[in-house]
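In case you want the letters, here they are:
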Amino acid sequence: MSRLFRKLFLSNRPAGSKVANLETSLDPSVTLRKLRNYHVSKTDICHYGFLGSVLLFVFVVNPAVWIAKISVYSLFAVLFLVPATSQFFFNALPIFTWLALYFTSSTFSAEHRPPITVQVLPAIETILYGDDLSDILAASLNKPLDFFAWIPYGLFHFGAPFVVAIILFLCGPPTILRGYAFAFGYMNLLGVISQNLFPAAPPWYKLIYGLSPANYSMKGSPGGLGRIDKYLGLNLYTDGFSNSAVIFGAFPSLHSGCATMEALFFSYVFPKLTPLFVFYVCWLWWSTMYLTHHYFVDLMAGSVLSYAFFQYTKYFHLPLTEPSVYSRWSYAEIKKFSVWFTDPLTSNDNDIENIIVPTGDHEIELNSLENSVTPSIFDHDRSVSRSSATSNVSLEVQDELMSSSRPNKQRID
Amino acid sequence: MIHLPKSFLGVFPLYMGVEIALGITILNKCSGAYGILGLLTGHGLDVMQWLLYVSSILALGVYSQALKQVYSPQLLMFSLAVVVYSVDTVLTCFFTVWFSGQWFSSKHSEFTDPNSQTHQSDTSASQLNTRGNTQKSQSASQSAEFFFTILITVLALASRFYFNSILMAFVQRLLRHPKYIVDIDDIEQDLKNKNWFARCWIKAQHISYKWCRQNLA
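Going by what an unreviewed UniProt entry lists, chain B is known as LAME_0D02916g1_1 and is assigned to Lachancea meyersii CBS 8951.

In the annotation of an unreviewed UniProt entry, chain A is listed under the name LAME_0G15918g1_1 and assigned to Lachancea meyersii CBS 8951. Here chain A is described in UniProt, under the heading Subcellular location (unreviewed entry), as follows: "Membrane".

Right, dumping it as structure tokens:
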């Protein structure tokens, strides 16, 4: 097993590279020393201030006994202080904050919750998308379709975040897991805040009660997943969804948000498999509507939230992937996305892409340079990495290209 | 000449706005495929729905091509994308009004009939209770339902107009950038050897480019 692991992941490790190394120290003074030397930025203040406020709110509002709450928070403090555990747990702070708020949501009393809307989502779905899409897709039911819908919604959804995290850790560039935890955690956290501030009834409510007024004494429904319980002789989904933490939390769909986030991160690392990930998201969208758990507008809200957080993380936090590299241990250095360098509207005289070159032999030479690496499923077209690849071209070649350029402009692409 | 934004949200470079605008619009345009998928469940579509869903799928194709080349844009492709996006914005406004009319007219009797189960009477000032005290007060009033419906619709349209202006601003900057100068004559000579779809695609790009040069450059 370890031989296979070495062959797959460690065989191309650059000599002396330490970027993929993990912290193994158990000494809290290492973390304290780092903390003392850390310069806090405005973004850090916003980030930790926001998460800290939510955690403080949960600490005060959660009805658990004080000793239990103090114990849990102390345990996390220890995990954050020990370097070996801190590298995973501290970076997952947005995820823990989301989970803390989500599980506390069920304890909010009715008088502190906003009124429930039942007409807004079906109305918006018709107005923006031309019809009750969720209603139509759940109109024709049969057993094979029930199972086909159950796979992404009732099975993959719960395991996928862990599988994606493990694969990203092993195959993506070092520190990508940090970006995933940040984007995934924030997307879910904002989703749960939105579900609490704007309670809205899901499609199963409309099927059972029509558009009549809702109240917080009502139990949740498993929707189409109730049929899966019957087929399998279980009470799993009926129990789970009847006592859900956010029964009227249709908007946004975090099933859709999670699937989109997973697809975006996987497409980032394995761009050639993007159609497969797009299919997964489309499959999950259909299943949420077929199982009467969400309106199409909820799915869009979840996916848009994910896309916005992914883009932000990509621009400011994510390490760049390298073509043909599929192991974190194969990276010699960590490169970040350059907001300015990537801007197609900026003119940078030092950028090879801005050099005017003729079509002909020189272009073939440059293309052969680009294509010299063996292609694989991990190859992808990204201008940033392409630029860094072409930057290996020597200054002499650049001068030669400049001198032989023609007036009609042609870019090296 | 209309005033176009110089940056995205006043801070970020335009290409970020373009990438986000196209990504969000592509996600929304997937509705076309699900609308047509509804045919398999035996649900019929009227003319307006057909028009909405087919135009969504066509626009999805154009936006996907444009999104692929945000970091190394081609002026012809982005000219087509901005023209399609602008026409799509006009169509979206029309469809929004049309389907709003359909929704409210179909539900009118349900909303206004006091005996209807759907009817959610507005609590008068003299009957104000602490929220949650009664089960009735835990449900949004009819006016709140209308308010949120209109608010979300208006926000969706407003963001669409903003994204449209970002795309226009991006294409305007491409038109003025020496790096993206286009020589259309070269491409026109190749047209004879292309298939029907490619010819239509290139012609659409040329028409869009001319429109952009006339109105945005």
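Draft legend 1. A look at the pattern of salt bridges. This model, assessed by the stated rule, comprises 7 salt bridges over all chains. Note that Asp 146 of chain A and Arg 227 of chain A form a salt bridge whose closest N and O atoms lie 2.9 Å from each other. Here Asp 146 of chain A is found in helix α9 (residues 143–171), whereas its partner Arg 227 of chain A is found in helix α12 (residues 225–232), with 81 residues between them in sequence. Here Asp 146 of chain A falls in the buried class, since its relative accessible area comes to 1%. Between Asp 88 of chain B and Arg 160 of chain B there is a salt bridge whose closest N-O contact spans 2.9 Å. Here the residue Asp 88 of chain B occupies a position in helix α4 (residues 75–112), and Arg 160 of chain B occupies one in helix α5 (residues 142–176), the gap between them amounting to 72 residues. With a relative accessible area of 6%, Asp 88 of chain B lands in the buried category. A network of salt bridges, in which partner residues are shared, links Asp 132, Asp 135 and Lys 206 of chain A.

Draft legend 2. How the structure looks around the packing of helix α15 (residues 274–290) of chain A against helix α16 (residues 296–316) of chain A. Residues and elements named next belong to chain A. The N-to-C vectors of α15 and α16 enclose an angle of 145 degrees; their axes lie 10 Å apart at closest approach. Between α15 and α16 the crossing geometry is right-handed. Of the residues in α16, those touching α15 at Trp 285, Thr 288 and Met 289 are Phe 296, Leu 299, Met 300 and Ser 303. Tallied by class, residues from the contact of α15 with α16 come to 5 nonpolar, 2 polar and no charged.

Draft legend 3. How the structure looks around the UniProt feature "transmembrane region" (unreviewed entry) in chain B. Residue and element names in this part refer to chain B. UniProt's feature table lists "transmembrane region" (unreviewed entry) at residues 7–27, 47–63, 75–99 and 146–171, given in the numbering used throughout. Between the C-alpha atoms that bound residues 7–27 there is a distance of 23 Å. The span itself is 67% helix and 0% strand. Counted over residues 47–63, helix gives 100% and strand 0%. Its end C-alpha atoms are 24 Å apart.

Draft legend 4. Molecular detail of the interface of chain B and chain A. Between chain B and chain A, the contact holds 62 residues from the first and 63 residues from the second. Looking at the side of chain B facing chain A, the largest losses of area belong to Tyr 34, Tyr 71 and Trp 103 of chain B, adding up to 14% of the total buried there. Counting across the chain B and chain A interface gives 1 salt bridge. One salt bridge connects Glu 19 of chain B with Lys 314 of chain A, and the closest N-O pair in it is separated by 2.8 Å. Scanning the region where chain B abuts chain A turns up 23 residue pairs in polar contact (both at pLDDT 80 or more). Elements that contribute at least two residues to the side of chain B that touches chain A include exactly α1 (14–29), α2 (31–37), α3 (47–68), α4 and α5 of chain B. No other element matches α5 of chain B, which puts 10 residues into the side of chain B that touches chain A.

Draft legend 5. Region of the structure containing the packing of aromatic side chains. Inspection of the entire model under this criterion finds 63 aromatic pairs over all chains. Taking the centre distance of 5.3 Å and the plane angle of 80 degrees together, the rings of Phe 80 of chain A and Phe 90 of chain A count as edge-to-face. Linking Phe 80 of chain A in helix α4 (residues 66–81) with Phe 90 of chain A in the loop between α5 (83–89) and α6 (93–105), this pair joins segments that are 10 residues apart in sequence. Residue classification places Phe 80 of chain A among the buried residues on the basis of a relative accessible area of 19%. Here the basic side chain of Lys 69 of chain A rests over the ring of Trp 66 of chain A, its NZ or CZ set 3.8 Å away from the ring centre. Directly above the aromatic system of Tyr 85 of chain B lies the positively charged group of Arg 160 of chain B, at a separation of 4.3 Å from the ring centroid.

What counts and what doesn't
- Residues numbered from 1 in each chain as written.
- Chains lettered and ligands numbered in written order.
- Predicted model: local features only at pLDDT ≥ 70, side-chain atom pairs only at ≥ 80, totals over all residues.
- Heavy atoms only, no water.
- UniProt positions renumbered as here; feature names shortened; annotations may be inferred.
- Salt bridge = Lys/Arg side-chain N within 4 Å of Asp/Glu carboxyl O.
- Helix = DSSP H or I, 4+ residues; strand = E, 2+ residues; numbered from the N terminus.
- Buried < 20%, exposed > 50% of the residue type's maximum accessible area, 1.4 Å probe, protein only.
- Axes fitted to C-alpha atoms, helices over the stretch in contact; angles between N-to-C directions.
- Left-handed = near helix turned anticlockwise from the far one by under 90°.
- Contact = heavy atoms within 4.5 Å.
- Nonpolar A, V, L, I, M, F, W, Y, C, P; charged D, E, K, R; others polar.
- Buried area = accessible area lost by both parts, 1.4 Å probe.
- Polar contact = N/O pair within 3.5 Å; in protein donor to acceptor, adjacent residues only side chain to side chain.
- Phe/Tyr/Trp six-rings, centres within 6.5 Å; stacked < 30°, edge-to-face > 60°.
- Lys NZ or Arg CZ within 6 Å of the ring centre and 35° of its normal.

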